[in-house]
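Close look at the chain arrangement
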Amino acid sequence: MKKIQTIALLLTLSLLLSCTILLTSCAKQVQYEIPSYQGLVKDGQTKAEFNQELFYRNDHKIDDAADPFVFDNTARDGYYYLYGTHGDIFCSRSKDLMNWEPVGNALDIQDFVNNQPSEVRKTVWKDIWAPEVVYDPGDGRYYMFFSATPDVDTNVTAGEGVMEGSYKELMMVAVSEYPDHGFVPVNFMDAESCGEENLHDFNTTTGVKDSETGEYLPAWPHYFAKYLLLDPAEYMAFAEANGGFRGAGRGGFEGAIDPHPYVDENGDKYLFWVDSSGSDRISVVKMINWLKPDWSTAKILACHSFYTVEDYFAALDGEIVENVPYELTGTSINEGPAVLEHNGKYYLTFSVGAYADNSYQVIQAVSDNLTGPYRKLTLEEGGILMSGELSGSQDITGTGHHSFIQAGDQLLMIYHRHNDPIVGGGARNPAIDEIKWITIKDKYGNDLDVMYSNGPTSTVQPKIEAFSNYKNIADEATISGHADAKYLNDGLLSVYKYLNDDFGKYIQETVITKTTTFTLDFEEARDVRAVMVYASKNEWAAFDKIARIEFVCIEDGKEVIYFIKDVKLSAECYQANDYDGSIFYISPGAAAYAEFAEMNVKSIRITIEVPDGQDSVGISEIRVLGK
């Protein structure tokens, strides 16, 4: 912080004391060349230093925290809490969604009793995945949903109705009075733990035969069954009523992962989850309370390779249906669900592909009702929402399993990416980028709002506005200088090199073929602190610098111009050929930016040249950080 304050002080002093005064030949205007900071990358470094009062960057801030879920508890204690897949359930907290401090393991599990693993510890043994938390104002408690694989029950033998299987990835719930610690797994055969109304009544006695068929009745005598949120008898009945589970079965304990609790506008509770036998189906059930599903409402919402569940059931009946092309090239999964309501429609988002490689990405489906039916969007409709692969990024891979958070006017996605983009695998860390809503024509020709991600990014971006003294005000300016200048302040970053062309028409760059000056005019003068000019997603159309930025100010009734020359694209944003300096790789969301002492500005003029050897330059966006 001291370094940032020193930079700001030097900028201010330079502005006041060290300006170069020029005179134009025609209007005799006074012009001042002002100093600025432009994201300098020092020798031996790959990333630029930046002012955290203005910017953030998706640096590796939390180690090995896959499947990130951010819970907004700011109304109660001022903090956001992030939970992830990290051995046990690791928790971090933040006040600004950008800087996180570790809290520790949120689960309160007695590890050993008499030098032996406790029953709860044996139940929550491994594969402790994807926790999500919800607060219930009715009882003032926090509910954490997660899945785990219990230790083998050596006291149970097969036969006489015993439900067999691998018993992997079973859903549980823990309760606490606090968001960051003290979560105790619920025992559904103990009324003191779960409440009398929530007790499970599945059969635990083996050797009991059906009086009519003579077959053994299903039995679950396993020590860990009592800790499962989904009553195994009820869950098995749900599976059998819906065509069974595809893929490798879990026997009488059908696997359930990636729970997502949701409260609708009426206060009704729902739980979405993934049937992990093949990890290819997303289901939902309405909850009577957070510990008791209403199984009469349970239904399947999405299934891998099918646009709709109706298509899935039709295929089971032997019909030929249209498959989802972008789901046919990777691992067969639909996992990590999250739900958003927007303008009366519901959006179900989830991950497809293989988490260990770059096929992992987030897609979106839409419905008129919370519980479906949902239809996955086509590529032409922007079906893929977040993808390192589509962006062509070399430093961001495996983008998936996400959650959303609304911070002020901004909708943000928190997702994970690989620690090492070359190695991939299970080591992942969280990142955060902005989501925008755009209106398209759907496959039927109707207007439809869909989500678009201004990411993934790994370079300097504007600080989340709810936690900054400045915000992007470029969209409040009238922009001119080119027929397609409107694309420069539409709020949409062009970050996907391989975006479907039909959908790409909604995410346009402004393309110039000669030196061009763009003017942003504000209705009233605004206090401005930084300017960012985003380069094209395409290396062959990228600029390496902004020739000139002018700031038109009114001082003592006169127009005064301050200017900055040669604002270079930060070296952290691209790689260039040694022999001619041409750009052969550019990072998604790359921008040239200049930070300077605050000025009261009426207009901004930005001049961009076409580099020698290029036919054109594409500009994705202009952002002005001001008040």
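Below, the structure is looked at part by part. (Residues numbered from 1 in each chain as written. Predicted model: local features only at pLDDT ≥ 70, side-chain atom pairs only at ≥ 80, totals over all residues. Heavy atoms only, no water.)

1. Quick look at the overall build of the protein
What counts here: Where helices and strands are cited, they refer to DSSP runs of H or I of at least four residues and of E of at least two residues respectively, numbered from the N terminus. As defined in this context, the radius of gyration uses C-alpha atoms, and a globule is described by 2.2 Å times the residue total to the power 0.38. For every residue, the accessible area (1.4 Å probe, protein chains only) is compared with the maximum for its type, and the residue is labelled buried under 20%, exposed over 50%, or partly exposed between those bounds. Contacts are residue-level and defined by heavy atoms, with any inter-residue pair within 4.5 Å sufficient. Using a 1.4 Å probe, the Shrake-Rupley method yields the accessible areas, and only the shown protein chains count as cover for residues.
For the protein, the helix and strand inventory stands at eight helices and 37 strands. Its C-alpha atoms give the protein a radius of gyration of 28 Å, near enough to 25 Å, the size a compact globule of 627 residues would have. Summarising its shape, the C-alpha atoms of the protein cover approximately 105 × 55 × 50 Å along the three principal directions. Burial analysis of the protein (627 residues in total) assigns 56% to the buried set. Across the protein, the fraction of contacts at a sequence separation of at least 24, relative to all contacts at a separation of at least 6, is 62%. Per element, the accessible surface of the protein, about 26100 Å² overall, is 47% carbon and sulfur.

2. Points about helix H5 (residues 232-241)
Put simply, the test is: The directions considered for the arc are those from the helix axis to the C-beta atoms. Polar contacts here mean pairs of N or O atoms no more than 3.5 Å apart (in protein, one a potential hydrogen donor and the other a potential acceptor; neighbouring residues in sequence count only if both atoms are side-chain atoms).
Regarding H5, the residues found buried are Pro232, Tyr235, Met236, Phe238 and Ala239. An end-on view of H5 places all buried positions within 160 degrees of arc, on one side of the element. Away from its buried face, by an angle of more than 90 degrees, H5 presents the exposed residues Glu240 and Ala241. Check the buried side of H5 and you find it contacts strand E14 (256-263), strand E15 (269-275), strand E16 (281-289) and strand E17 (292-303). Two or three places before Ala233, at the opening of H5, Asp231 has a side-chain oxygen 2.9 Å from that residue's backbone nitrogen. In the segment just after H5, Gly243 is the residue with positive phi, at about 80 degrees.

3. As for the sheet that holds strand E10 (residues 126-136)
Selection criterion: By this definition, two strands are paired if DSSP reports at least two bridges between them.
In space, the four strands of this open sheet follow the order E10-E11-E12-E13, with antiparallel pairing throughout. The two strands at the open ends of the sheet, each matched to only one other strand, are E10 and strand E13 (184-185). Two strands pair when backbone bridges link them, and strand E11 (residues 141-149) and strand E12 (residues 170-176) are joined in this way by seven bridges, in the antiparallel orientation. Directly across from Met144, in E12, lies its bridge partner Ala174.

4. What to know about the nonpolar core
Soluble globular proteins tend to pack their nonpolar side chains together in the buried interior. Let me state the cut-off plainly: We define a nonpolar core as any set of buried Ala, Val, Leu, Ile, Met, Phe, Trp, Tyr and Cys residues linked to one another through side-chain atoms lying within 4.5 Å.
Core analysis: the biggest nonpolar cluster contains 64 residues, and Phe55, Phe272, Leu348 and Phe404 have the highest contact counts within it. Counting residues per element, this core draws most heavily on strand E19 (residues 345-352), which supplies five residues. By size, the runner-up hydrophobic cluster in this structure holds 43 residues, among which are Val560, Tyr562, Val601 and Ile606.

5. Thoughts on the side chain of Arg121
Following the sequence through the fold, Arg121 ends up in helix H3 (residues 119-123). One polar contact links the side chain of Arg121 to the main-chain carbonyl oxygen of Val124, over a distance of 2.3 Å. Setting aside residues no more than four positions away along its own chain, Arg121 makes contact with Asp88, Ile109, Gln110, Asp111 and Ile128.

6. Describing the pairing of strand E20 (residues 361-367)
Among the seven residues that make up E20, seven are buried, leaving the element largely enclosed by the rest of the structure. Residues Gln361, Ile363, Ala365 and Ser367 point to one face of E20 and Val362, Gln364 and Val366 to the other, with burial holding for every one of them. Of the strand pairs in this sheet, E19 and E20 are connected by seven bridges, and their pairing is antiparallel. The partner of Leu348 across the bridge, within E20, is Ala365. The pairing of E20 with strand E22 (residues 384-386) spans two bridges and is classified as antiparallel. What sits directly across from Ile363, in E22, is Ile384. Note that E20 and strand E21 (residues 375-376) share two bridges and pair antiparallel. Bridging from a neighbouring strand, Ala365 pairs with Lys376 of E21.

7. Digging into the pattern of salt bridges
Put simply, the test is: Salt-bridge detection follows one rule: a side-chain nitrogen of Lys or Arg within 4 Å of a carboxyl oxygen of Asp or Glu.
If you walk through the whole model with that rule in mind, you get 25 salt bridges. Linking Glu381 and Arg375 is a salt bridge whose minimum nitrogen-to-oxygen distance equals 3.0 Å. What makes Arg375 buried here is its relative accessible area of 13%. Connected via shared salt-bridge partners are Arg57, Asp59 and Glu572.

8. Here we look at the packing of aromatic side chains
Short version of the rule: Classification of ring pairs uses Phe, Tyr and Trp, with its six-membered ring standing for Trp, and accepts pairs whose centres are within 6.5 Å; under 30 degrees between planes counts as stacked, over 60 as edge-to-face, and the remaining range as tilted.
One pass over the structure, following the stated rule, counts 24 aromatic pairs. Between Phe55 and Tyr593, the ring centres sit 5.0 Å apart and the planes meet at 50 degrees, which makes this aromatic pair tilted. In this pair, Phe55 sits in strand E3 (residues 55-56) while Tyr593 sits in strand E36 (residues 591-608), placing the two residues 538 residues apart along the sequence. Comparing Phe55 with Tyr593, the two get one shared label, buried. Each ring, one from Tyr452 and one from Tyr496, has its centre 6.1 Å from the other, and the planes form 80 degrees; the classification is edge-to-face. With a gap of 44 residues between them, Tyr452 in strand E26 (residues 447-453) and Tyr496 in the loop between strand E29 (478-480) and helix H8 (501-504) connect regions that are remote in the sequence. When sorted by exposure, Tyr452 lands in the same class as Tyr496, which is buried.

9. Description of unusual backbone geometry
Following Gly372, the chain continues to Pro373 via a peptide bond in cis, the omega torsion being 10 degrees. The backbone of Asp67 shows a phi angle near 50 degrees, a positive value even though the residue is not glycine. Tracing the backbone shows Asp67 in strand E4 (residues 66-73). On the basis of relative accessible area, Asp67 is assigned to the buried category, the value being 9%.

10. What to know about helix H6 (residues 309-316)
Along H6, the residues that are buried comprise Val309, Tyr312 and Ala314. Against E16 and E17 lie the buried residues of H6. Gly318, located one to two residues past H6, shows a positive phi value of around 95 degrees.

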